[in-house]
Amino acid sequence: MSVEKKNWHASHKRSLTRGERAADVLRNGMGSWRFVAGFIAFMIIWALVNSWIRDPWDAYPFILLNLFLSMLAGLQGAILLIAAKRQDAIAAAMAEHDFATDTEAKNGIEQLLAINREQLELIRRLQEQLAGRSEQR
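Being a predicted model, the structure only gives us computed values, none of them experimental.

**A look at the packing of helix H3 (residues 33–52) against helix H4 (residues 63–136)**
Thinking step 1. At their nearest, the axes of H3 and H4 sit 11 Å apart, and the two run at 160° to each other. By the criterion of interaxial angle, the relationship of H3 to H4 is roughly antiparallel. Classified by chirality, the crossing of H4 by H3 is right-handed. Along the contact surface, H3 presents Phe35, Phe39, Phe42, Met43 and Trp46, while H4 presents Leu64, Leu65, Phe68, Leu69, Leu72 and Gln76.
Thinking step 2. For the contact of H3 with H4, the residue count by class is 10 nonpolar, 1 polar and no charged.

In structure tokens, the structure reads:
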């Protein structure tokens, strides 16, 4: 018998569209050292192959590679903006959730403090009654 806990992150992930999930995956991939190393390796291989073969498809100064790099930069900018916009929405939703949680906790603490004050007042009265009885004896 498992009780599903209320988890904001899990419910949020289920609500994502395919495009939002794709933007997150691409952002995480492009923001890694693995991507940087792979891309540098790709460019080195491109340059070496086009420098060594007799009839290169993209001779030095590698204009086709520059075109691809420019297109990639444009796409990366758009993908990163999409991902940043999503991160802002996530941060706002988490702040709202945190505020609601803090408000609930504050109300609970205030209730406990009120109970504590009542108990202290009862203890004070009991002590006064006991002090009055011991003086009568």
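**Details of the packing of helix H2 (residues 18–30) against H4**
Thinking step 1. H4 packs onto H2 with a crossing angle of 115° between their chain directions and a minimal axis gap of 9 Å. If you check the angle between H2 and H4, you find them roughly perpendicular. As for the relative orientation of H2 and H4, their crossing is left-handed in sense. Contact residues: Glu20, Ala23, Asp24, Leu26, Arg27 and Met30 in H2; Gln76, Ile79, Leu80, Ile82, Ala83, Arg86 and Gln87 in H4.
Thinking step 2. Its residues assigned to classes, the contact of H2 with H4 shows 7 nonpolar, 2 polar and 4 charged.

**Remarks on the environment of serine 11**
Thinking step 1. For serine 11, the position within the fold is in helix H1 (residues 8–15).
Thinking step 2. As for serine 11 and aspartate 24, which are separated by 13 residues in sequence, their C-alpha atoms are 16 Å apart.

Here is what the cut-offs are and how they apply
Residues numbered from 1 in each chain as written. Predicted model: local features only at pLDDT ≥ 70, side-chain atom pairs only at ≥ 80, totals over all residues. Heavy atoms only, no water. Axes fitted to C-alpha atoms, helices over the stretch in contact; angles between N-to-C directions. Helix = DSSP H or I, 4+ residues; strand = E, 2+ residues; numbered from the N terminus. Parallel < 35°, antiparallel > 145°, perpendicular 65-115°, else oblique. Left-handed = near helix turned anticlockwise from the far one by under 90°. Contact = heavy atoms within 4.5 Å. Nonpolar A, V, L, I, M, F, W, Y, C, P; charged D, E, K, R; others polar.

These figures come from the coordinates and say nothing about function on their own.
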